[in-house]
Amino acid sequence: MLINHAKLIHFFQLTGGVTGRKKLQKMIYILQKSAVPFEEKYQFHFYGPYSEELTLRVEELCNLGFIEETREDKANYFQYHYDVTKAGEDFLKQFTLDMPDITDKTELLQLRSSRFLELVSTILFFEHLDKREQIEKLHQMKPKQNFTEAEINEAYQFIKQIRST
Amino acid sequence: MAYKDEQLSEEKVFKDPVHRYVHVRDRVIWDLIATPEFQRLRRIKQLGTTNLTFHGAEHSRFNHSLGVYEIVRRILNNFKGREHWNNEERLLCLSAALLHDLGHGPFSHSFEKVFKLDHEYFTQAIIVGDTKVNEVLQKVGPDFPNRVADVIGKTYEDQLVVSLISSQIDADRMDYLQRDAYYTGVSYGHFDMERILRVMRPIEDQVVIKSTGMHAVEDYIMSRYQMYWQVYFHPVTRSAEVILSKIFGRAKALYQDPDYEFKLEPTHFISFFEENVTLADYVKLDETIVQYYFHLWQEEDDAILSDLCERFMNRRLLKYVEFNPNLQMNDYMELMRLFKQAGIDPEYYLVVDSSSDLPYDFYRPGEEEERLPIHLQMPNGNLKELSRHSDIVESISGKKRTDHKLYFPVDLLKALTDKRVRNAILEILYGQGESSNVD
């Protein structure tokens with residue numbers, strides 16, 4: 001019952017809060033692709049892998065008072081920040097989650113920008129292709145982002161690192 | 001003449017209650033409709049279990065797929081000759097529109113959840129795999145199946161093409177809202193589609209709406225909002241979905257139990273239970289097959305499986321109360337204990353269902369580049385996100401849209417002979433015990 005909600009609260013607790021909805025989407029996707037059992041279903045959207053299920057689940061957690069959402073006006077857009085509340089922590093105590101330790105993985109993700117995580121998650125979305133095709137697809141899908149060769153190499157390194165952490 | 005350009009000698013039309021007529025002139029489209037994989041969609045209902053709430057909702061994914069094709073066909077007629085639109089992409093768009101739901105399984109939402117499958121994956125697999133659909137698409141060009149699969153997977157290079165089939169105001173949604181409204185018989189879900197089609201404009205990488213068409217789009221967003229709450233989130237339909245998930249879950253658990261033997265080998269389900277489903281297995285399964293098993297499973301020795309199937313077949317659904325996990329977790333734990341004491345397995349009969357367990361999505365303004373919103377094209381050519389310009393959409397976008405319900409079999413509870421346990425359960429659920437008259 002509400003196991004997937006509890007997993008998310010656990011994630012927010014470990015991260016000490018996440019800033020940015022896009023960053024949140026990509027973090028959970030990358031964790032999923034690193035064998036962490038988050039079950040939210042993702043599809044490719046204009047800005048890369050996106051899960052409507054995750055968006056709605058986070059909205060539920062906010063409405064239940066388990067997660068607090070704060071909004072900052074950044075002129076062109078709003079930026080959102082998510083933190084676990086005391087009620088969320090109490091709720092979590094009632095679960096024994098069958099999850100690997102993801103402390104180090106979340107730390108790695110937290111240090112990265114949402115642009116970088118968008119790059120990583122897009123590569124992961126196309127990982128069934130060979131590397132040359134992955135990069136080709138990345139440039140096709142994200143022509144405006146102008147990802148450099150150095151960034152792309154760094155992304156591949158990052159994928160290795162997070163999967164082995 | 002190349003196969004891709006072949007036209008039927010006479011236009012074919014399908015009578016359609018939503019769009020009046022669905023027009024087909026392209027040979028490719030006609031051939032795709034005739035494939036077994038597309039015909040299979042006649043045996044997959046568009047709204048799964050909703051017919052147990054709204055009895056008219058018997059329409060299939062076949063109807064809907066033709067409808068989406070027809071809407072895209074009409075949009076492209078309007079786009080012809082406009083800047084940014086490349087008419088070479090026409091057949092690709094029409095094929096993707098027609099085939100976008102090809103991979104839906106029987107009662108797909110619950111089915112996918114239990115067996116950890118993804119209909120989008122199977123849609124692409126049918127298109128690029130060893131199928132009749134693939135044979136037709138290959139005749140257009142060796143790369144054509146991959147291009148169609150990419151459009152449906154939203155990974156096609158030209159995002160304008162993708163946005164016709166899949167965006168927050170796309171042909172898919174415009175068809176299902178109207179079609180679901182028509183077949184359920186509800187009065188919401190109607191909007192002026194002709195007007196929307198007239199004000200759609202292709203730009204470099206998306207379809208936008210000419211600002212003068214804003215009110216028609218407001219109506220569309222309102223319809224979507226109302227349909228979610230009145231039809232898609234209907235608590236009775238959710239009850240049927242809960243039972244369905246539990247049937248699949250129970251059947252799988254029994255299959256994995258070496259001491260249990262089914263009266264009839266569940267041949268069609270074995271690869272699903274064993275999590276090694278092939279494309280051929282997947283395509284074989286439709287709702288007629290699934291219902292056949294449900295029918296037989298009513299006679300199974302396992303009391304839980306037979307009871308759940310009997311409930312589903314005869315619409316003896318679970319009752320529900322609103323549930324707030326923040327305030328009522330202790331109640332839930334106590335109910336678990338009492339259910340076990342009463343000999344009712346809470347794993348199958350005490351179920352929390354959340355709005356995020358449902359497959360439908362709301363309009364989202366797409367802050368922080370989460371997801372592409374609906375853009376209005378202002379007279380000076382600038383783009384504005386819809387909710388920043390429309391008070392109506394803005395007010396809906398900020399609304400609380402989530403809920404949780406607790407489902408249980410009130411008939412079993414009322415039949416409990418242990419009055420103390422029965423009253424304790426009913427007291428928690430309804431705030432009334434012995435004298436309760438709950439239905």
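Where an unreviewed UniProt entry is consulted, chain B appears under the name HD domain-containing protein, with the organism given as Oceanobacillus indicireducens.

As named in an unreviewed UniProt entry, chain A is YwgA family protein, taken from Oceanobacillus indicireducens.

(A) Representation of the overall build of chain A. The helix and strand tally for chain A stands at 8 helices and 5 strands. A compact globule built from 165 residues should have a C-alpha radius of gyration of about 15 Å, and chain A, at 16 Å, falls within 12% of that. Counting only C-alpha atoms, chain A reaches 45 × 40 × 25 Å along its principal axes.

(B) Examining the overall build of chain B more closely. When helices and strands are counted, chain B shows 22 helices and 9 strands. For a compact globule of 439 residues, the expected C-alpha radius of gyration is about 22 Å, and chain B comes in at 24 Å, within 12% of that figure. For chain B, the spread of C-alpha atoms along the three principal axes comes to 75 × 50 × 35 Å. The buried share of chain B, taken over its 439 residues, is 46%.

(C) Representation of the UniProt feature "domain: HD" (unreviewed entry) in chain B within the structure. Residues annotated by UniProt as "domain: HD" (unreviewed entry) correspond here to residues 61-177 of chain B. For the annotated span residues 61-177 of chain B, helix accounts for 68% and strand for 0% of the residues, and the straight-line distance between the end C-alpha atoms is 13 Å.

(D) Structural context of the environment of Glu347(B). Structurally, the position occupied by Glu347(B) is in helix H19 (residues 346-349). For the pair Glu347(B) and Lys246(B), spaced 101 residues apart in sequence, the C-alpha separation works out to 8.6 Å.

(E) Structural context of the interface of chain B and chain A. Opposite the 25 residues of chain B that make contact, chain A presents 32 residues. At the level of secondary structure, the elements contributing two or more residues to the side of chain B that touches chain A comprise helix H18 (329-341) and strand S6 (351-354) of chain B. By residue class, the composition of the side of chain B that touches chain A is 5 nonpolar, 8 polar and 12 charged.

(F) Inspection of the pairing of strand S4 (residues 207-210) of chain B at higher detail. Residues and elements named next belong to chain B. Of the strand pairs in this sheet, strand S3 (residues 200-202) and S4 are connected by 3 bridges, and their pairing is antiparallel. What sits directly across from Pro202, in S4, is Val207. If you look at the hairpin formed by S3 and S4, you'll find 4 residues sitting between the two strands. With 2 bridges joining them, S4 and strand S7 (residues 375-377) adopt parallel strand pairing. The residue bridging Ile209 from the neighbouring strand is Leu376, located in S7.

(G) The sheet that holds strand S5 (residues 319-322) of chain B, seen in detail. Residue and element names in this part refer to chain B. Spatially, the 3 strands line up as an open sheet ordered S5-S9-S6, and their pairing is antiparallel. Two strands lie at the open edges of the sheet, namely S5 and S6, each paired on one side alone. When the angles between neighbouring strand axes are averaged without regard to direction, this sheet yields 30°. As paired elements, S5 and strand S9 (residues 404-408) share 4 bridges and run antiparallel to each other. Following the sheet pairing, Tyr320 is matched in S9 by Tyr407. Together, S5, S6 and S9 form the strand contacts of helix H13 (residues 235-256), whose direction differs from that of S9 by roughly 60°.

(H) Highlighting helix H16 (residues 287-297) of chain B. All names here are of chain B. Within the span of H16, buried status applies to Val290, Tyr293 and Trp297. Down the axis of H16, the sector holding all buried residues measures 60°, keeping them to one side. Within H16, the exposed residues directed more than 90 degrees away from the buried face are Thr288 and Tyr292. Summarising the contacts, the buried residues of H16 are in contact with helix H17 (303-313).

The rules behind the values
Residues numbered from 1 in each chain as written. Chains lettered and ligands numbered in written order. Predicted model: local features only at pLDDT ≥ 70, side-chain atom pairs only at ≥ 80, totals over all residues. Helix = DSSP H or I, 4+ residues; strand = E, 2+ residues; numbered from the N terminus. Rg over C-alpha atoms; globule rule 2.2 N^0.38 Å. Buried ≥ 20, exposed ≤ 12 C-beta atoms within 10 Å, placed from the backbone. UniProt positions renumbered as here; feature names shortened; annotations may be inferred. Contact = placed C-beta atoms within 7 Å. Nonpolar A, V, L, I, M, F, W, Y, C, P; charged D, E, K, R; others polar. Pairing = 2+ DSSP bridges. Axes fitted to C-alpha atoms, helices over the stretch in contact; angles between N-to-C directions. Arc of directions from axis to C-beta.

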